[in-house]
Amino acid sequence: MKIDPCSIGCDVSKHHLDVFDGQTGCAIRIANDADAIADWLSRLDGRTVFVTFEATGRYDRRLRQALVAAGIAHTRVNPARARDFARALGLLAKTDRIDARLLATMGSVLRLGPDQPTGDDAARHTLAELHGRRDQLVAMRQQERLRLADSTPAEAPSIERHLVWLDAEIKAIEAQRSEALRSHAELGRLYRLLTSVPGIGPVAATTLIALMPELGNTSPKAMAALAGLAPFNRDSGQFRGTRTIRGGRKRVRDALYMAAVSAWHSHTRLGTFARDLIARGKPFKLAIIALARKILTVANAVLRDGQAYRA
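This report concerns the structure included in the present document.

1. Things to note about helix 5 (residues 121–149)
The end-to-end C-alpha distance of helix 5, which contains 29 residues, comes to 42 Å, matching closely the 42 Å that a straight helix rising 1.5 Å per residue would cover. Looking at helix 5, one finds that the buried residues are A123, R124, H125, L127, L130, H131, R134, L137, R141 and E144. Buried-residue contacts for helix 5 involve helix 2 (61–70), helix 6 (156–182), helix 7 (185–194), helix 8 (202–211) and helix 10 (250–264).

2. Here's the deal with the packing of helix 2 against helix 5
Packed helix pairs are specified by the crossing angle of their axes together with the interaxial distance, meaning the distance between the axes. Remark: helix 2 packs on helix 5, axes separated minimally by 11 Å, with the N-to-C direction vectors making an angle of 165 degrees. By the angle between their axes, helix 2 is roughly antiparallel relative to helix 5. In this structure, helix 2 meets helix 5 at a crossing whose hand is right-handed. Across the interface between the two elements, R61, R64, Q65 and V68 from helix 2 touch D121, H125 and E129 from helix 5. Grouping the amino acids of the contact of helix 2 with helix 5 by side-chain chemistry returns 1 nonpolar, 2 polar and 4 charged.

3. Here we look at the pattern of salt bridges
In total, this model carries 19 salt bridges according to the counting rule given. Here R64 ties to D60 by a salt bridge, and the two come within 2.6 Å at their closest N and O atoms. For R64, a relative accessible area of 16% corresponds to the buried category. Given a relative accessible area of 0%, D60 falls into the buried group. R141 is the partner of D167 in a salt bridge, and the nearest nitrogen-oxygen pair spans 2.9 Å. Within this pair, whereas D167 is found in helix 6, its partner R141 is found in helix 5, the two being separated by 26 residues in sequence. Taken together, the shared-partner salt bridges in this structure form one network comprising D18, R29 and D96.

Calculation criteria
Counting restarts for each chain, with residues numbered from 1 along the sequence as it is written. Reporting in this predicted model follows two pLDDT cut-offs: at least 70 for local features of residues, and 80 or more for side-chain atom pairs to be given and counted; totals over whole chains, interfaces and linings ignore these cut-offs and use all residues. Excluding hydrogens and water, the side-chain figures rest on all heavy atoms present in the structure. Every helix listed is a DSSP run of H or I at least four residues long, and every strand listed is a run of E at least two residues long, numbered separately from the N terminus. A helix is expected to span 1.5 Å multiplied by its residue count minus one. Think of it in three bands: residues with accessible area under 20% of the maximum for their type are buried, residues over 50% are exposed, and the middle band is partly exposed, with areas taken using a 1.4 Å probe on protein chains only. Only heavy atoms matter for contacts: two residues are in contact if any of them lie within 4.5 Å across the pair. In this analysis an axis means a line fitted to C-alpha atoms, helices contributing only their contacting stretch, and an angle means the value between N-to-C directions, from 0 to 180 degrees. Working rule for angles: under 35 degrees goes down as roughly parallel, over 145 as roughly antiparallel, 65 to 115 as roughly perpendicular, anything else as oblique. Helix crossings get a hand from a simple test, with the near helix turned counterclockwise from the far one by less than a right angle marking a left-handed crossing and a clockwise turn marking a right-handed one. Gly counts as polar in this scheme, as do all residues outside two lists: the nonpolar Ala, Val, Leu, Ile, Met, Phe, Trp, Tyr, Cys and Pro, and the charged Asp, Glu, Lys and Arg. Any carboxyl oxygen of Asp or Glu within 4 Å of a side-chain nitrogen of Lys or Arg constitutes a salt bridge here.

Here you go:
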């Protein structure tokens, strides 16, 4: 006889975790630090549990690392999906304790599958941090360039000095990123495989490695949904709406869009695919989105098979 695991919900915030045990009905609050989390998990020793919590960026990192180290099955859910589940239950109130109980119910009722540890989580976290910092600096540089275009003689020297500093800092972060890839054999291997795909350069490859750990281990349709590149229909009665993409991981989608624009110019099968769509009258943006999804599918296959792309 199969015994279902006890469903535990955990609401994550910067300073504390609210935990609801679906089996005992016990609700507790613990500090969001390594010692408190380790103490709580030690009290679960011998029990078969499944922990559900919302994705909260860096705030859930300690919890994830501790769960992986303890071998406890868990899943991170999209906060929007959790709120939709709450609305379906008619639950309008929102507090940390209520959210923890909701997540425990969600994990039990929906029978969510566990996240699969990649085995290189710490290295990916470091890469993701460097990648995120580069994005911040690039955004600041773009803002300063726009300000420079409309600056007065009194403002321009300060903006120019800041731009020089930003250029240097971006190069420094990129050097750290390259070193992180060189120093980790598995991530370096993934990087070389991904950059073999037309259109995928250093930034897109780093984005996929850092923010799409599922790549190579999930179906193409699931990967497209995760990246927000899966077209959803809007049909009801006699109405037939235009298929549109939505949701997913925006930073990944942005990187794949730029990769598709680059591949569109290439003399490869991928470039020909997009140009043929445009020649058949498809709008340019639709063709690029279709190419971005195809690039993601190819990247997924490349990592799955461990073979570089062959044009």
